[in-house]
Amino acid sequence: MKITAADVIVTSPDRNFVTLKITTDDGITGLGDGTLNGRELAVASYLADHVAPLLIGRDPHRIEDTWQFLYRSAYWRRGPVTMAAIAAVDVALWDIKAKAAGMPLYQLLGGASRNGIMAYGHASGRDLPELFDSIRLHLELGYRSIRVQTSVPGVDAVYGVAAQPSIDGKRYDYEPAQRTPLPAEEDWDTRAYLRHLPGVFEAVRNEFGPELPLLHDGHHRMTPIQAARLGKDLEPYDLFWLEDCTPAENQEALRLVRQHTTTPLAIGEVFNTVWDYQTLIREQLIDYVRSAVTHTGGITAMRKLLDYAAQYQIKSGIHGPTDISPVGMAAALHLDLAIHNFGIQEYMRHGPATDEVFRQSFSFTNGYLHPGELPGIGVELDEEAAARFPYQAAYLPFNRLKDGTVHDW
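These figures come from a predicted structure and were not determined experimentally.

### Some words on the sheet that holds strand β1 (residues 3-11)
Now for step 1: Taken in spatial order, the three strands of this open sheet run β1-β2-β3, and their pairing is antiparallel. On the outer flanks of this sheet lie β1 and β3 (29-33), each paired with one strand and no other. With strand direction ignored, the average angle separating the axes of adjacent strands in the sheet is 20°.
Now for step 2: The strands that helix α1 (residues 40-55) touches are β1 and β2 (17-24); relative to β1, the one it contacts most, it runs at about 170°.
Now for step 3: Here helix α3 (residues 80-101) sits on the sheet in contact with β1, β2 and β3, set at roughly 150° to β3.

Below, the structure written as structure tokens:
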């Protein structure tokens, strides 16, 4: 079997997606997700101009060899653009291999280690009544674990709060990248956030009881000592995890956080390789790996990363917002089902236009996801539908403090 075509398809149904479609001389096709939110065309160009020509004539079954070739032959390694491009190729090749075998991908990864994949949803509100309504809605939708995000008094716009206004006039739901000529400027006040948040979780616990798993995303906005304070303040409310409490490029910073709190920590949605995690995993400074299959080199690399984490009893918490396409989500679900050290899967439903473009076999029932039993990853791309939704430039917002200093968004 040989690869005869590698086509890059950019489409924007509910948001922008980059999909790689690899075709073999046997007529088998495989799909990979190369979406990088706010920088989609950089990956599309990397794939179309630099990677696709290298794939023609290669044996699609040689997945590990192709991965190493793409990673090492470029000389310039790592980074989100490179690793998203490699991930797109990797997942497409696994899709082809599983289709050729007549099996769902998880069977080639060793078979199922569980019956279903526990997922968490995203609840938010500008005040407590609105937040409680959002939590109840997610419980009615079947979620059994809930991420809680809330507005902060004195701060106009906060990441993850669905009902707050956006400059393009649309609801700020699951896609903060707004289709505007320039990035939206938002404000931030860490001290106000630290004062406000513990009371929110106290109220949520009082309303919904001790059993409901609750998560929270700090979105890289705290210094290590601020993160340590928040983790300690939230201990009475028994969080499932506190995510991205501080920018973790400085991996040693997590030592300080760990010294002061027993709140479980999740890190890594902006990480791209195992090298970003070496200290964090080896010293057991985190509890959950948050990388996305789409941004971390695909199934091949994520499996190795999670096997490394398993040696230290660290579990998976794979990134799964709506800027991961259904192709990337499906790949994550097959890996979730197969690995032993699964923790939880982020899951946000895509919109109806996305579901029209990407036909999916995975399911969500009673709080659990399953990738389905179709051969491959179980997603097919409707190219005619995709063509009806051309790319639209979009930017993620950025933050400034009250004095005008640019801060981590």
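### Re the packing of aromatic side chains
Now for step 1: Evaluation of the coordinates by the stated rule reveals 15 aromatic pairs.
Now for step 2: For the ring pair phenylalanine 132 and phenylalanine 208, a centre distance of 5.6 Å and an interplane angle of 85° mean the geometry is edge-to-face. Taken together, the positions of phenylalanine 132 in helix α5 (residues 128-140) and phenylalanine 208 in helix α6 (residues 190-208) put the pair 76 residues apart, joining distant regions of the chain.
Now for step 3: A relative accessible area of 12% places phenylalanine 132 in the buried class.
Now for step 4: Centroid distance tyrosine 159 to tryptophan 409: 5.4 Å. Interplanar angle 85°. Geometry classified as edge-to-face. Of this pair, tyrosine 159 sits in the loop between β5 (146-150) and β6 (185-187) while tryptophan 409 sits in the segment after β18 (406-407); the two residues are 250 residues apart in sequence, bridging distant segments of the chain. The two residues tyrosine 159 and tryptophan 409 agree in class, both being buried.
Now for step 5: Within the aromatic cluster, the residues linked to one another by ring pairs are Tyr120, Phe240, Trp241 and Tyr288.
Now for step 6: Across from the ring centre of phenylalanine 17, 5.3 Å away, lies the NZ or CZ of arginine 15, which sits over that ring.
Now for step 7: Across the ring face of tryptophan 188, the terminal group of arginine 221 is positioned such that the distance to the ring centre comes to 4.3 Å.

### A short note on the pattern of salt bridges
Pairing between side chains becomes possible if they bear opposite charge and their charged atoms approach one another.
Now for step 1: All told, the structure shown has 23 salt bridges when counted by the stated rule.
Now for step 2: Notably, a salt bridge pairs glutamate 383 with lysine 21, separated by 2.5 Å at the nearest N-O pair. Here glutamate 383 is found in helix α13 (residues 383-387), whereas its partner lysine 21 is found in strand β2, with 362 residues between them in sequence.
Now for step 3: With a relative accessible area of 38%, glutamate 383 lands in the partly exposed category.
Now for step 4: With a closest N to O distance of 3.6 Å, aspartate 307 and arginine 303 form a salt bridge.

The rules behind each value
- Residues numbered from 1 in each chain as written.
- Predicted model: local features only at pLDDT ≥ 70, side-chain atom pairs only at ≥ 80, totals over all residues.
- Heavy atoms only, no water.
- Pairing = 2+ DSSP bridges.
- Helix = DSSP H or I, 4+ residues; strand = E, 2+ residues; numbered from the N terminus.
- Axes fitted to C-alpha atoms, helices over the stretch in contact; angles between N-to-C directions.
- Contact = heavy atoms within 4.5 Å.
- Phe/Tyr/Trp six-rings, centres within 6.5 Å; stacked < 30°, edge-to-face > 60°.
- Buried < 20%, exposed > 50% of the residue type's maximum accessible area, 1.4 Å probe, protein only.
- Lys NZ or Arg CZ within 6 Å of the ring centre and 35° of its normal.
- Salt bridge = Lys/Arg side-chain N within 4 Å of Asp/Glu carboxyl O.

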